[in-house]
Amino acid sequence: MVAQLKIERIECVPLCMPLPRTFRGSNYFMTHRCTIITRIYTSQGIVGEVYNGDEFETQAEVVRIILDEIQPLLIGKDAFNIEGCWEAMRKPSYNILRDRKLAMCAQACVDSALWDTVGKALDVPLYKLWGGYKDKLPVICIAGYYEENKTLADFGREMEQIRASGYAGCKFKVGGRTPKEDAERVRAARSAVGDDFTLLVDANQGWSLAEAVAFSRLAADLNIRWFEEPVRWYNDRLDMAAARNQTGIPIAAGQSEISRAGCRDLMMSGAIDVCNFDASWGGGPTEWRRVAALASCFTVEMGHHEEPQISAHLLASIPNGTYLETFHPDRDPMFYALVANRSKFDNGTYDVPQGAGFGLVLDQTTIGKYRV
């Protein structure tokens with residue numbers, strides 16, 4: 001172990017990969033998978049390296065914030081001083097004339113790389129450093145996207161393929177059609193794989209409270225594990241609390257928050273059963289772990305919005321962690337192509353990487369091909 005990890009410089013490598021087709025949710029669509037590799041170089045020769053994020057439109061600005069605003073604040077600091085570095089990185093978020101989420105995404109990239117640096121210096125996987133509660137996680141696939149000419153039978157076949165690929169379940173997209181139409185889609189999915197397959201639904205804030213309740217009644221017998229972001233954003237806290245009381249299905253949200261305070265308010269409002277705060281959008285693992293501690297006080301479970309390369313260690317470190325969220329390789333080719341040492345899915349579970357830090361070995365060919 002080294003006594004100090006003096007930060008010398010930060011490097012960012014933005015990547016962008018085209019998807020083979022357009023993936024549509026309730027009110028959005030995705031055509032590319034993008035991310036930022038962040039590297040922390042130290043005077044002791046230890047280099048932290050990890051990737052975060054998935055938004056192409058803001059990628060260049062996040063990189064600029066990291067290099068021009070955060071890097072000068074951290075040069076010469078000890079990477080072991082995670083809390084001090086995190087507080088120093090708050091400054092870019094004080095700019096009231098831009099979207100604060102950009103600064104929080106930038107902070108998340110650097111905070112993640114700092115933790116990887118510390119894990120490598122200690123030669124310990126981060127999930128063990130953070131609590132080491134378990135070394136395997138149930139893994140689910142986000143699917144059920146809206147596609148033209150896709151039939152109910154096609155959704156059933158999609159679920160069968162997901163199960164055959166080693167997933168324990170699926171988070172299925174709803175909220176883009178009427179409650180009746182989406183309940184039929186989810187019913188087709190459930191019928192194809194049976195009750196022992198975990199099925200969650202995600203409306204991505206697509207419905208009114210009345211529509212969310214209507215869907216829940218139509219799908220009451222489908223054994224839905226949770227109902228994610230069931231209502232529209234502009235009154236979500238109160239409407240989710242109402243939905244939680246009326247639907248009988250556990251409610252999940254938190255990915256649209258960028259701070260522990262936002263997640264705290266969801267919990268205090270009685271709005272959620274599961275908090276899926278995203279460390280890559282909300283300031284990094286340091287902030288996510290604060291949210292997880294809050295959640296334990298409210299007997300709220302923790303999820304994580306996508307980002308399996310980050311979330312595996314976080315979710316495995318705590319007793320109230322839930323599922324590792326991944327995509328089909330067509331929807332997230334980055335995870336499958338960039339992580340050279342990715343664990344295989346086995347009987348619905350994923351082995352948490354055992355290497356130091358995040359334990360990632362990144363594929364250099366993929367980096368060279370998709371570097372922006």
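Analysis parameters
Residues numbered from 1 in each chain as written. Predicted model: local features only at pLDDT ≥ 70, side-chain atom pairs only at ≥ 80, totals over all residues. Heavy atoms only, no water. Pairing = 2+ DSSP bridges. Helix = DSSP H or I, 4+ residues; strand = E, 2+ residues; numbered from the N terminus. Axes fitted to C-alpha atoms, helices over the stretch in contact; angles between N-to-C directions. Core = buried A, V, L, I, M, F, W, Y, C linked by side-chain atoms within 4.5 Å. Buried < 20%, exposed > 50% of the residue type's maximum accessible area, 1.4 Å probe, protein only. Contact = heavy atoms within 4.5 Å. UniProt positions renumbered as here; feature names shortened; annotations may be inferred. Phe/Tyr/Trp six-rings, centres within 6.5 Å; stacked < 30°, edge-to-face > 60°. Lys NZ or Arg CZ within 6 Å of the ring centre and 35° of its normal. Arc of directions from axis to C-beta. Left-handed = near helix turned anticlockwise from the far one by under 90°. Nonpolar A, V, L, I, M, F, W, Y, C, P; charged D, E, K, R; others polar. Parallel < 35°, antiparallel > 145°, perpendicular 65-115°, else oblique.

Under the annotation held in an unreviewed UniProt entry, the protein carries the name Mandelate racemase/muconate lactonizing enzyme family protein and is attributed to Mesorhizobium shangrilense.

Engineer: I would appreciate a short explanation of the sheet that holds strand S2 (residues 29-42) in the present structure.
Structural biologist: Strand pairing in a sheet is mediated by backbone hydrogen bonds. Such pairs are either parallel or antiparallel. Strand order in the open sheet formed by 3 strands is S1-S2-S3, with antiparallel pairing between adjacent strands. Taken across any chain shown, the strands that pair with only one partner, and hence form the sheet edges, are strand S1 (7-24) and strand S3 (47-52). Sheet twist, expressed as the average angle between the axes of neighbouring strands with direction ignored, equals 15°. As paired strands, S2 and S3 are joined by 6 bridges and run antiparallel to one another. In the strand pairing of S3, Ile37 is matched with Tyr51.

Engineer: Please clarify how the nonpolar core should be interpreted in this entry.
Structural biologist: Soluble globular proteins tend to bury their nonpolar side chains together. Judged by nonpolar contacts, the single largest core of 105 residues is most densely connected at Leu74, Leu114, Val174, Phe215 and Phe227. In terms of residues, this core owes the most to one element, helix H3 (residues 100-122), which gives 10 residues. Residues within four places of Phe227 in sequence aside, it is in contact with Val174, Val201, Ala203, Trp207, Ala212, Phe215, Ile249, Pro250, Ile251 and Ala252.

Engineer: Looking at this structure, I do not really get the pairing of strand S11 (residues 324-327). What am I missing?
Structural biologist: Consecutive side chains of a regular strand alternate in pointing toward one face of the sheet and then the other. The side-chain alternation of S11 yields two buried faces, one formed by Leu324 and Thr326 and the other by Glu325 and Phe327. Where strand S4 (residues 136-143) and S11 come together, 4 bridges link them in parallel fashion. Paired with Ile140 across the two strands is Glu325, which belongs to S11.

Engineer: Honestly, the UniProt feature "domain: Mandelate racemase/muconate lactonizing enzyme C-terminal" (unreviewed entry) in the protein in this entry has me stumped. Any pointers?
Structural biologist: As recorded in UniProt, the feature "domain: Mandelate racemase/muconate lactonizing enzyme C-terminal" (unreviewed entry) lies at residues 152-250. Annotated as residues 152-250, this span is 51% helix and 15% strand, and its ends, taken at the C-alpha atoms, are 25 Å apart.

Engineer: Explain the packing of aromatic side chains to me, please; I cannot follow it from the model alone.
Structural biologist: Each pair of aromatic rings is reported with the distance of its centres and the angle of its planes. Summed over the entire model, instances satisfying the criterion amount to 13 aromatic pairs. An angle of 80° between the planes, with centres 5.3 Å apart, marks the rings of Trp115 and Trp130 as edge-to-face. Separated by 15 residues along the polypeptide, Trp115 in helix H3 and Trp130 in the loop between helix H4 (126-129) and S4 bring together distant segments of the chain. Take Trp115 and Trp130: they sit in the same class, and that class is buried. Note on Phe335 and Tyr350: the rings are 6.3 Å apart at their centroids and 45° apart in plane angle, and the pair reads as tilted. Here Phe335 is found in helix H12 (residues 333-338), whereas its partner Tyr350 is found in strand S13 (residues 349-351), with 15 residues between them in sequence. Arg9 extends its terminal NZ or CZ atom over the ring of Tyr41, reaching a point 3.8 Å from the ring centre. In this structure, Arg24 packs its charged tip against the face of Phe29, placed 5.1 Å from the ring centre.

Engineer: Just checking my understanding: could you explain unusual backbone geometry for this structure?
Structural biologist: Note: most peptide bonds trans; most residues except glycine with negative phi. For Gln205, which is not a glycine, the phi torsion comes out positive at approximately 65°. Along the chain, Gln205 falls in the loop between strand S6 (198-202) and helix H7 (209-218).

Engineer: Which parts of the structure should I look at to understand the environment of Gln4?
Structural biologist: You can see Gln4 is positioned in the segment before S1. It is 34 Å that separates the C-alpha atoms of Gln4 and Glu257, two residues lying 253 residues apart in sequence. Residue contacts for Gln4: discarding those within four places in its chain leaves Gln44, Asp78 and Phe80.

Engineer: Please clarify how H7 should be interpreted in this entry.
Structural biologist: Each α-helix turn comprises 3.6 residues. Residues three or four places apart therefore point the same way. The complete set of buried residues in H7 reads Ala212, Val213, Phe215 and Ser216. Considered in projection along H7, the buried side chains sweep an arc of 160° and stay on one side of the axis. Every exposed residue of H7 that faces more than 90 degrees away from the buried side is listed here: Ala210 and Arg217.

Engineer: Sorry if this is basic, but what is going on with the packing of helix H6 (residues 179-193) against H7 here?
Structural biologist: For any two helices packed against each other, one specifies the crossing angle of their axes together with the interaxial distance. It is the contact of H6 with H7, at a shortest axis distance of 9 Å, that shows an interaxial angle of 35°. Here H6 and H7 pass one another in a crossing that is right-handed. The segment H6 lies against H7, with Pro179, Lys180, Asp182, Ala183, Val186 and Arg187 engaging Glu211, Ala214, Phe215 and Leu218. For the contact of H6 with H7, the class distribution of residues is 6 nonpolar, no polar and 4 charged.

Engineer: Help me out: how do you make sense of the packing of H3 against helix H10 (residues 285-297) in this one?
Structural biologist: At a minimum axis separation of 8 Å, H3 and H10 run at an interaxial angle of 90°. In this view, H3 runs roughly perpendicular relative to H10, as classed from their interaxial angle. On H10, the residues that touch Ala108, Asp111, Ser112 and Trp115 of H3 are Pro285, Thr286 and Arg289. Residue composition of the contact of H3 with H10, grouped by class: 3 nonpolar, 2 polar and 2 charged.

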